[in-house]
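Chains, contacts and geometry: an overview
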Amino acid sequence: MLTELIQRLPKAELHIHIEGSFEPELMFEIASRNKINLDYDSVESLKNAYQFTQLQDFLDLYYQGMSALQIEQDFYDLTMAYMQQCKLENIVHAEIFFDPQGHTHRGVDFATVINGINAALVEAEQNLGISSHLIMCFLRHLDEQDAFKTLDQSLAHQDKIIAVGLDSTELGHPPQKFEGVFAKARELGYLCVAHAGEEGPAQYVKDTVELLQVNRIDHGNRCLEDPQLVKSLAYSQIPLTVCPLSNLKLGGVSDMRQHPLRELIDSGLMVTVNSDDPAYFGGYLSQNFIAVQESLGLSKTEIVQLVENSFKASFLNDELKQQHMAHISSISSEWN
Ligand SMILES: [Zn+2]
């Protein structure tokens, strides 16, 4: 069993929506202190509602859950709960998504959201020794104008944000819809990532690379439907942030033994393993590693490679990447 090795290796997580780490218990606690009604009368009944057949089913609940978050302290508590989980799992670096429009559209200020999240990240770095970067996602079901507005709001906080991303409903909202705002974000000095090929076709992955000029693709699974694209991703080594339990829970795969991670690895792509929205999908990062290790029979070498990839694909500088790589290598070489 490689479970213990998975636990011991220092890991980076590159695809985690902070609002998707909102555990029902904390959600009820925060909703109650803010006097917000959640439409569910208990933690149990809320958990029972986590039955999804596609991405949209989850998104409907995800936006509802967010409504409990009102003041800076709420965003701090949400973020600190995830960072404490990182500590338990030996995640030493996290690149975290947040969805400002999910809050500003409810009347919560951009500054409230980012200041709460950032305070927890600063404290986690000091007290827990976990480094992090923040990635601001645009909601793709909204129009590009709204994304431009959000980009403007971010400028006062640019020192806290490393990249922009793109999430929410994929089908019917192709990457070209956001070509202008991504160009502007790059011009302003942001790095770029975007969800693609989770539910959308291979063409969305191709267009995300070519039109949005991303540094990483979030998910990317359906690139496998286009052999030419797979070749070009293997050549460029643009990283894919794959989320196994999310794919299972949202119906992207019906059985973990058929998860495309195996084929992505065998095709020579730069893939990483991540948790996406762990409070909703049944497991944090280690659980995702364990699920694919068991179902796909990943070897020790493959697990170590995936963990190394999580740092290589990160936005850490080369010196820090080398330090983490050396640490991984010393642990794995002692492991029989
Ligand atoms: Zn995601």
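Figured I'd write up the structure that's included with this text. Computed from a predicted model, the values in this text were never measured in an experiment.

**A word on the overall build of the protein chain**
Helix and strand counts for the protein chain stand at 17 helices and eight strands. On the principal axes, the C-alpha backbone points of the protein chain span a range of 55 × 40 × 40 Å. Within the protein chain, the fraction of its 336 residues that count as buried is 46%. Contacts spanning at least 24 positions in sequence make up 75% of the contacts within the protein chain whose residues lie at least 6 apart.

**Here's the deal with the sheet that holds strand β4 (residues 163-167)**
What holds strands together in a sheet is hydrogen bonding between their backbones, with the strands either parallel or antiparallel. Judged by pairing direction, the sheet is parallel, and its eight strands sit side by side in the order β1-β2-β3-β4-β5-β6-β7-β8 without closing on themselves. If you trace the sheet from one side to the other, it starts and ends with β1 (11-17) and β8 (271-273), each paired once. The mean inter-strand angle of the sheet, taken between neighbouring strand axes irrespective of direction, is 25°. In terms of strand pairing, strand β2 (residues 91-98) meets strand β3 (residues 131-139) through six bridges, oriented parallel. For Glu95, the partnering residue across the bridge sits in β3 and is His133.

**Examining the nonpolar core**
Membership of the largest hydrophobic core comes to 92 residues, with the highest contact counts inside it found for Phe98, Ile117, Ile135, Val164 and Cys192. When residues no more than four places from it in sequence are discounted, the contact partners of Cys192 are Ala163, Val164, Phe182, Ala185, Arg186, Leu212, Gln213, Val214 and Asn215.

**A short note on the environment of Leu240**
Here Leu240 is to be found in strand β7 (residues 240-242). The class for Leu240 is buried, based on 27 C-beta atoms found within 10 Å. When the C-alpha atoms of Leu240 and Pro201 are compared, they prove to be 15 Å apart, with 39 residues separating the residues in sequence. Excluding residues within four positions of it along the chain, Leu240 makes contact with Ile217, Gly220, Leu264, Leu269, Met270 and Val271.

**Some remarks on the pairing of strand β5 (residues 191-196)**
Of all six residues that make up β5, five are buried, and the element is covered over most of its length. In terms of strand pairing, β4 meets β5 through two bridges, oriented parallel. Along β5, the bridge assignment pairs Val164 with Cys192. Once you follow β4 into helix α9 (residues 179-187) and on to β5, the crossover reads as right-handed. In this fold, the crossover linking β5 to strand β6 (residues 216-219) by way of helix α10 (residues 202-211) has right-handed handedness.

**A few points about the environment of Asn118**
Along the polypeptide, Asn118 turns up in helix α7 (residues 110-128). Between the alpha carbons of Asn118 and Glu44 there is a distance of 31 Å; along the sequence they are 74 residues apart.

**Digging into helix α4 (residues 55-66)**
Between its terminal C-alpha atoms α4 stretches 17 Å, which fits the 16 Å expected from 12 residues at 1.5 Å a residue. Taken as a whole, α4 has its buried residues at Leu55, Phe58, Tyr62 and Gly65. Buried residues of α4, seen end-on, are gathered within an arc of 90° and therefore sit on one face of the element. Tucked inside the fold, the buried residues of α4 contact α2 (24-33) and α14 (278-281).

**Brief notes about the pairing of β2**
The element β2 is extensively covered by neighbouring structure, given that eight of its eight residues are classed as buried. Pairing of β1 with β2 involves five bridges; the strand directions are parallel. Bridging from a neighbouring strand, Ile16 pairs with Ile96 of β2.

**Digging into the environment of Thr104**
Note on placement: Thr104 falls in helix α6 (residues 101-104). Judged by local crowding, Thr104 falls into the partly exposed class, with 17 C-beta atoms found within 10 Å. Here the alpha-carbon distance between Thr104 and Thr150, two residues 46 residues apart in the chain, equals 8.9 Å.

**Re unusual backbone geometry**
Not every positive phi belongs to a glycine, and Gln213 is a case in point at roughly 50°. Looking at where Gln213 falls in the secondary structure, it is placed in the loop between α10 and β6. A count of 13 C-beta atoms within 10 Å places Gln213 in the partly exposed class. In this model, Gln237 sits at a positive phi of 60°, which is unusual for a non-glycine residue.

Conventions used here
The residue numbering used here restarts from 1 in each chain and proceeds along that chain's sequence as written. With the structure being a predicted model, the display of local features is reserved for residues of pLDDT at least 70 and the display and counting of side-chain atom pairs for 80 or more, all residues being used for whole-chain, interface and lining totals. The helix count covers DSSP runs of H or I at least four residues long, the strand count covers runs of E at least two residues long, and both are numbered beginning at the N terminus. Burial is judged by counting other C-beta atoms within 10 Å of a residue's own C-beta: 20 or more means buried, 12 or fewer means exposed, and anything between counts as partly exposed, with every C-beta placed from the backbone. Residues are treated as contacting if the C-beta atoms built from their backbones sit within 7 Å of each other. Being paired, for any two strands, means DSSP has found at least two bridges between them. Simply put, an axis is a line fit to the C-alpha atoms, just over the touching stretch for a helix, and the angle between two N-to-C directions goes from 0 to 180 degrees. We define the nonpolar core as any set of buried residues of the types Ala, Val, Leu, Ile, Met, Phe, Trp, Tyr and Cys, connected via C-beta atoms lying within 7 Å of each other. We call a crossover right-handed when, viewed with the strands running away from us, the connection from the first strand over the helix to the second turns clockwise. By this rule the span expected of a helix is its residue count minus one, scaled by 1.5 Å. This arc corresponds to the set of directions leading from the helix axis out to the C-beta atoms.

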